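Survey of secondary and tertiary structure
Letter by letter, the chains look like this.
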2 protein chains.
Amino acid sequence: MNLQGLFHISEIPYAYGVDDETLFIKIRVAAGDVKNATLYYKDRYEPSDEFTSIPMQKTSSTSLFDFYGTNVRVKEGRLRYFFELEDAEGKKVYLNEKGIFETAPRSTGQFQYPYVHKEELYKPLLWTRDAIVYQIFPDRFCNGDRSNDPQKTKYWGGQVDSNSFFGGDIRGIINHIDYLNDLGVTLIYLTPIFESTSNHKYNTTNYFEIDEHFGSKDDLKELVSACHDRGMRIVLDAVFNHSGYDFFAFEDVRQNGDNSQYVNWFYINNDDEKVFNYRTFANDIRDMPKLNLSNPETRKYFLKVAQYWIEEFDIDGWRLDVADEVVHSFWKEMRTCVKAIKEDAILIGEVMHEGKLFLKGDEFDSLMNYPFREACLDFFAYGNIDSQAFIDRIILRKEGLLKDINSQMLNLLDSHDTSRILSVCDGDVNKVMLATVFQFTTEGIPYIYYGDEVGLSGGGDPQCRKCMVWNQEDQNLALLNHYKKLIAIRKHNRALTSGDFSVEYAKDKALAYKRSGDDDEVLVLINNSSQKHFFDLEVTGELIDLYSDEQVTFHNGLELDSMSFRIIAIK
Amino acid sequence: MNLQGLFHISEIPYAYGVDDETLFIKIRVAAGDVKNATLYYKDRYEPSDEFTSIPMQKTSSTSLFDFYGTNVRVKEGRLRYFFELEDAEGKKVYLNEKGIFETAPRSTGQFQYPYVHKEELYKPLLWTRDAIVYQIFPDRFCNGDRSNDPQKTKYWGGQVDSNSFFGGDIRGIINHIDYLNDLGVTLIYLTPIFESTSNHKYNTTNYFEIDEHFGSKDDLKELVSACHDRGMRIVLDAVFNHSGYDFFAFEDVRQNGDNSQYVNWFYINNDDEKVFNYRTFANDIRDMPKLNLSNPETRKYFLKVAQYWIEEFDIDGWRLDVADEVVHSFWKEMRTCVKAIKEDAILIGEVMHEGKLFLKGDEFDSLMNYPFREACLDFFAYGNIDSQAFIDRIILRKEGLLKDINSQMLNLLDSHDTSRILSVCDGDVNKVMLATVFQFTTEGIPYIYYGDEVGLSGGGDPQCRKCMVWNQEDQNLALLNHYKKLIAIRKHNRALTSGDFSVEYAKDKALAYKRSGDDDEVLVLINNSSQKHFFDLEVTGELIDLYSDEQVTFHNGLELDSMSFRIIAIK
């Protein structure tokens with residue numbers, strides 16, 4: 001047995017409370033090393049050396065590792081436990097806090113999970129289970145009200161540069177709410193809409209006002225109602241890492257320097273008296289002074305912002321900009337504030353890397369899942385990894401998270417900060433189709449960046465922020481139909497939204513995985529190669545391709561054309 | 001290379017801020033696999049794919065793993081990084097968030113440490129560096145005032161049972177403060193002294209009063225002053241997991257049931273109307289009803305307790321009883337409260353297992369280090385592990401912690417909750433001497449449970465709570481002298497309090513390790529076997545045994561008698 005492969009800590013994601021008296025316990029072992037993994041446990045106040053044993057199930061595998069997990073019930077969650085790992089030859093090793101042993105270590109040194117507190121249990125947002133997210137960059141979605149257009153508004157669909165304005169607004173979104181509803185969207189995410197000088201509005205002037213070019217507070221109320229009437233939800237963008245240059249507090253500091261009562265709202269550097277210097281977002285972006293959220297007054301102000309738009313406008317949560325550069329204690333406090341008003345509000349962090357520190361259950365409910373995007377690009381767009389390497393990355397991500405949070409991750413293929421998926425695929429719609437098949441049939445929330453569904457293209461910012469195409473003749477209707485179909489399939493097959501995920505086949509560029517729900521089962525086959533592929537896989541039962549409605553029969557396997565897929569319901 | 005041995009997360013203890021712009025980054029690899037470990041890093045907003053490289057140092061090793069670490073400076077702590085690991089044959093692998101690669105992954109997927117916030121930096125308690133802790137169980141230390149003795153007080157030194165009272169009190173501690181000072185103690189820890197019906201007082205009746213049998217608030221003030229006058233510190237025991245049965249709030253609940261305004265201060269279970277049922281500490285210990293510290297009112301009350309004794313009596317921190325069964329958010333808030341009043345106050349958790357979740361820098365400064373005790377018992381008392389297995393456990397513990405917290409751990413060999421070290425060693429003083437040599441020369445704070453220094457014996461509770469022996473004829477003066485010597489050696493050799501720790505030799509039951517300070521170096525040799533042992537180790541320079549004051553010379557090694565040690569200063 002590869003002893004260095006054994007890994008467990010009594011912390012998320014390897015140990016955590018599921019309910020008052022139930023814990024989930026997981027262990028990682030080297031791939032293929034272990035035939036049976038067993039958890040030995042007892043109440044930590046049980047005086048005898050008797051332990052109860054429970055077999056652990058393999059939850060997933062990568063090339064390097066297998067993961068085994070089990071739920072276990074014990075009074076008040078007060079757990080004492082160790083692991084028994086048996087290899088194919090029947091040789092056993094034992095793991096506890098002290099190390100690895102050849103005989104069961106029944107006395108001291110067991111792992112302990114001391115207590116499960118209700119307060120510390122992560123409460124999943126059950127409404128996310130069948131969610132479909134749609135991201136809108138308001139200036140570019142639809143110009144519904146020409147009377148609020150900024151000066152120098154360009155004609156719709158014109159050339160985009162960093163400073164272009166196109167007049168998109170809240171009215172435009174309201175006008176297309178049924179388009180989104182018909183598409184199957186359930187959660188709309190708007191990039192910032194508060195008063196700001198730029199088209200993207202990530203440099204906020206006033207956190208308590210809607211930007212006049214986007215509309216009024218009444219417009220927002222109408223939009224939220226329009227969403228809620230249709231069973232849809234909506235989140236806004238909380239840009240709390242930095243303000244805009246014209247934010248009242250920063251203006252005060254600019255005018256009054258050290259004498260400003262807001263000087264500690266920012267990170268002002270007075271080393272050089274001649275230069276007004278301060279920390280900013282990214283590389284000295286002077287228009288975005290960094291906010292000091294460790295300062296209690298600043299914190300109070302932004303918690304008020306977070307509460308205000310939920311209390312007064314009934315929005316359904318926040319997407320948190322540059323979330324990972326903001327101090328953790330602020331997010332923990334914001335979570336408490338927000339959930340006190342609206343318990344099922346969602347908090348989505350913008351974290352472009354793995355960001356697991358924000359996903360311990362006391363900060364965010366979800367992240368924009370950029371590592372998911374990167375894995376999909378490597379496999380589907382660039383084709384520079386095989387299916388095993390692809391699935392390794394998906395599993396690695398999954399096994400790093402609370403189970404409930406894994407199924408709430410926003411699985412995006414692009415956003416306003418990246419090249420469009422179609423452009424990354426060099427315009428190859430087939431690649432986009434395969435990538436979206438995976439996106440809509442795997443664990444996590446599928447995420448559409450406005451226009452992707454009709455074939456909008458564009459490289460990095462600002463080309464990924466082109467105007468939405470509403471003219472049907474200019475839309476890729478085949479692609480739109482594909483999105484609609486995938487959404488419908490996901491909605492009508494619970495296995496796809498909440499079933500277990502298991503890899504059935506990974507060879508060269510071919511991949512098959514199963515989603516297993518309580519009452520249904522779906523098998524997905526993807527041949528992501530330029531050659532046809534024979535899936536050496538036997539599947540029986542009544543098999544229906546949910547995408548083509550055809551019946552499917554395996555003959556000691558199934559052949560798929562190049563760049564094709566099957567989404568098969570197993571009855 | 002054993003790829004399953006590679007491990008890194010962008011979290012404590014593998015990545016954390018050391019100061020504003022400095023991070024400590026660590027990686028774990030399989031033992032002996034890696035010749036060179038290199039960190040490649042850049043500011044995370046550096047647009048180019050150019051990384052700076054910095055060699056990592058091996059920080060420690062176990063049988064299974066080597067650990068490599070380095071500090072790295074980058075603006076605002078905004079780090080993007082990956083690892084290069086080179087084996088003896090020059091073959092290299094690279095590790096980043098995405099996985100393991102054979103070529104340097106310069107574009108996407110790097111590990112990221114997004115930002116270092118001052119607020120999140122752990123502030124070490126520098127005064128702990130040369131601390132020696134002495135734990136006192138007040139009823140058993142010294143009866144300094146007979147006028148406050150409880151009824152049925154037994155004669156000093158009489159037979160101990162669970163309900164005995166011996167009349168020990170605060171006056172008794174004051175009377176022996178110079179004894180403790182002469183011994184070299186710098187931090188006194190008193191088990192509970194607040195009003196309570198028991199001799200141990202872990203069932204508190206009134207958190208704002210000193211138990212009358214222990215003395216008055218004036219006595220406590222005098223004791224704190226006596227400590228501070230001598231440069232000593234003192235901490236009290238915060239029993240916040242549960243109250244006593246007679247605590248006013250619980251009394252109110254007992255009388256008024258569901259109508260009590262304090263009903264949510266506890267976990268009352270009304271499932272069976274005929275029985276008054278509630279959660280307690282451990283196995284239904286009815287005298288210790290569990291407190292609900294998730295309830296804001298209860299929380300407020302106990303934060304006031306925590307503040308009161310610091311503000312009014314100037315105590316230097318708290319030892320936190322049953323700390324791991326209390327909700328994390330309470331400890332985080334208590335930390336903020338306490339540190340706001342007294343920044344260098346110490347918070348010491350009673351956690352009997354590894355308890356790393358409480359040591360992320362935002363809860364406790366230290367734990368009662370029971371895993372240290374268990375390793376020492378296995379090696380020194382029971383002799384059931386060899387020196388390599390022993391050191392594996394010491395290193396495993398160390399590498400799981402922030403560096404600053406590792407050096408603040410309370411390294412105990414026993415306490416009021418365990419058998420005395422002398423009794424665990426079956427009365428063999430030589431074994432105690434070897435164990436204490438390790439205790440006083442390794443990283444962390446040496447900890448004396450009252451009376452250990454004079455040879456007090458006793459098995460589990462209540463026998464480990466015998467009366468202190470003050471009659472010199474009944475004290476083991478050789479052992480006392482040994483403790484004094486070890487304390488003096490530790491105090492006069494900075495390498496022992498703050499130098500690096502490195503294992504130089506581990507074979508059979510023999511162990512040698514070095515402590516390397518900025519200006520001094522100490523080599524410790526321990527032969528923990530019943531045979532003499534030849535340490536196959538070459539050491540040059542002027543070598544003085546700090547314990548015997550003899551000069552030491554290595555002749556291609558050094559032979560040590562059975563059960564003996566050397567503490568050698570290398571000049």
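Our structure's up above, just so we're on the same page.
A short tour of the structure in this document, coming up. Because the structure is predicted, anything quoted here is derived from the model rather than measured.

Notes on the overall build of chain A
Across its full length, chain A carries 13 helices and 31 strands. Against the globule reference of 25 Å for 571 residues, chain A gives a C-alpha radius of gyration of 26 Å, in line with a compact fold. Overall, the C-alpha framework of chain A stretches about 75 × 60 × 45 Å when taken along its three principal axes. For chain A, the residues scored as buried account for 62% of the 571 residues in total. Sequence separation of 24 or more characterises 68% of the internal contacts of chain A that already satisfy a separation of 6 or more. Side-chain charges in chain A split into 63 positive and 92 negative, and the spacing between the mean points of these groups amounts to 3 Å.

Some words on the interface of chain B and chain A
Listed as interface residues are 58 residues of chain B and, on the opposing side, 57 residues of chain A. A buried area of about 4900 Å², summed over both sides, lies between chain B and chain A, and 47% of it is on carbon and sulfur atoms. Of all residues in chain B, the largest losses of buried area upon contact with chain A belong to Gln4(B), Tyr45(B) and Glu325(B), amounting jointly to 13% of the total for that side. Applying the counting criterion to the chain B and chain A interface returns 14 salt bridges. Measuring nitrogen to oxygen at the nearest pair gives 3.9 Å for the salt bridge that ties Arg279(B) to Glu76(A).

Topic: the relation of the copies chain B and chain A
These two copies of the chain differ by a rotation about an axis and a displacement along the same axis. Note on the identical chains: chain B maps onto chain A by a rotation of 180° and an axial translation of 0.0 Å, with an RMSD of 0.0 Å. Seen this way, the second copy is the image of the first under a two-fold rotation axis. A high fraction, 98%, of the interface residues of chain B reappear at the interface in chain A, so the copies pair face to face through one surface.

A closer look at the packing of helix α3 (residues 217–229) of chain B against helix α5 (residues 296–313) of chain B
Relative orientation and spacing of two packed helices are given, respectively, by the angle between their axes and the distance between those axes. All names here are of chain B. As a packed pair, α3 and α5 sit with axes 10 Å apart at the nearest point and diverge in direction by 65°. As the angle between them shows, α3 and α5 are arranged roughly perpendicular. Contact residues: Lys 217, Leu 220, Lys 221 and Val 224 in α3; Tyr 308, Trp 309, Glu 312 and Phe 313 in α5. The residue makeup of the contact of α3 with α5, split by class, is 5 nonpolar, no polar and 3 charged.

So, the state of the cysteines
All names here are of chain B. On inspection of all chains with the given rule, the structure shows 0 disulfides over all chains. Cysteine Cys 142 is unpaired, with the sulfur of Cys 467 as its nearest cysteine sulfur at 10 Å. Here Cys 425 stays free of any disulfide, with the sulfur of Cys 376 as its closest cysteine sulfur at 9.9 Å.

What to know about the pattern of salt bridges
All names here are of chain A. Tallying each qualifying case throughout the model produces 82 salt bridges over all chains. Put simply, Lys 201 and Asp 211 hold a salt bridge, and the shortest N to O gap is 3.4 Å. Of this pair, Lys 201 sits in the loop between β13 (194–196) and β14 (204–210) while Asp 211 sits in the loop between β14 and α3 (217–229), and the two are 10 residues apart along the sequence. Note on accessibility: Lys 201 and Asp 211 belong to one class, buried. Two residues, Asp 344 and Arg 233, come together in a salt bridge whose shortest N-O distance is 3.1 Å. Pair noted here: Asp 344 is in the loop between α6 (328–341) and β21 (346–349) and Arg 233 is in strand β15 (residues 233–238), with a separation of 111 residues, a long-range link. Judged by relative accessible area, which is 31%, Asp 344 ranks as partly exposed. The structure contains a network of salt bridges with shared partners spanning Asp 237, Arg 319, Asp 321 and Glu 350.

Some remarks on the sheet that holds strand β1 (residues 15–19) of chain A
Residues and elements named next belong to chain A. If you walk across this open sheet you meet the 4 strands as β1-β2-β6-β5, and the pairing is antiparallel. Looking at which strands have only one partner, the edges of the open sheet turn out to be β1 and β5 (57–61). Neighbour to neighbour, the strand axes of the sheet diverge by 30° on average, direction disregarded. In terms of strand pairing, strand β2 (residues 22–30) meets strand β6 (residues 65–73) through 9 bridges, oriented antiparallel. Bridged to Arg 28 within β6 is Phe 67. Helix-sheet contacts for helix α8 (residues 387–399) involve β2, β5 and β6, and the interaxial angle to β5 is about 130°.

A few points about the side chain of Glu350(B)
All names here are of chain B. Relative to the assigned elements, Glu 350 resides in the loop between β21 (346–349) and β22 (366–367). Residue Glu 350 is classed as buried on the basis of its relative accessible area, which comes to 7%. A polar atom in the side chain of Glu 350 sits 2.6 Å from the backbone nitrogen of Val 322. Among all residues touching Glu 350, those that are not within four sequence positions of it are Arg 319, Leu 320, Asp 321, Val 322, Ala 323, Asp 324, Met 368 and Asp 417.

Concerning helix α7 (residues 370–381) of chain B
Because the α-helix completes a turn every 3.6 residues, residues three or four places apart line up on one side. Residue and element names in this part refer to chain B. α7 sits mainly inside the fold: 12 of its 12 residues count as buried. Tyr 370, Pro 371, Phe 372, Arg 373, Glu 374, Ala 375, Cys 376, Leu 377, Asp 378, Phe 379, Phe 380 and Ala 381 are the residues of α7 that are buried. Buried residues belonging to α7 abut α8 (387–399), β23 (410–411), α10 (421–424), α11 (429–441) and β27 (521–527). At the C-terminal side of α7, Gly 383 shows a positive phi close to 60°.

Describing the pairing of β27(B)
Residues and elements named next belong to chain B. Counting buried residues in β27 gives 6 out of 7 residues, a clear majority hidden from the surface. Bridge analysis of strand β26 (residues 510–516) against β27 gives 7 bridges, and the strand direction is antiparallel. Across the sheet, Ala 510 pairs through a bridge with Asn 527, a residue of β27. The hairpin turn running from β26 into β27, its antiparallel successor, is 4 residues long.

Focus: unusual backbone geometry
Here Ile12(A) and Pro13(A) are connected by a cis peptide whose omega angle stands at 5°. At Asp426(B), a residue that is not glycine, the phi angle is positive and equals roughly 55°.

So, the packing of aromatic side chains
Per the counting criterion, the structure on display carries 114 aromatic pairs over all chains. Both rings, one in Phe247(A) and one in Phe302(A), keep their centres 6.0 Å apart while their planes meet at 45°; by these two values the pair is tilted. One end of the pair, Phe247(A), is in the loop between β15 and α4 (248–256); the other, Phe302(A), is in helix α5 (residues 296–313), and 55 residues separate them in sequence. It is Arg28(A) that lies over the ring of Phe65(A); its NZ or CZ is 3.7 Å from the centre. The positively charged end of Lys201(B) is found above the aromatic ring belonging to Phe214(B), 5.0 Å away from the centroid.

Reading the values: rules and limits
Residues numbered from 1 in each chain as written. Chains lettered and ligands numbered in written order. Predicted model: local features only at pLDDT ≥ 70, side-chain atom pairs only at ≥ 80, totals over all residues. Heavy atoms only, no water. Helix = DSSP H or I, 4+ residues; strand = E, 2+ residues; numbered from the N terminus. Rg over C-alpha atoms; globule rule 2.2 N^0.38 Å. Buried < 20%, exposed > 50% of the residue type's maximum accessible area, 1.4 Å probe, protein only. Contact = heavy atoms within 4.5 Å. Lys, Arg positive; Asp, Glu negative; His and termini not counted. Charge placed at Lys NZ, Arg CZ, Asp CG, Glu CD. Buried area = accessible area lost by both parts, 1.4 Å probe. Salt bridge = Lys/Arg side-chain N within 4 Å of Asp/Glu carboxyl O. Least-squares fit on C-alpha atoms with pLDDT ≥ 70 in both. Axes fitted to C-alpha atoms, helices over the stretch in contact; angles between N-to-C directions. Parallel < 35°, antiparallel > 145°, perpendicular 65-115°, else oblique. Nonpolar A, V, L, I, M, F, W, Y, C, P; charged D, E, K, R; others polar. Disulfide = S-S within 2.5 Å. Pairing = 2+ DSSP bridges. Polar contact = N/O pair within 3.5 Å; in protein donor to acceptor, adjacent residues only side chain to side chain. Phe/Tyr/Trp six-rings, centres within 6.5 Å; stacked < 30°, edge-to-face > 60°. Lys NZ or Arg CZ within 6 Å of the ring centre and 35° of its normal.

Honestly, it's all geometry; don't read function into it.
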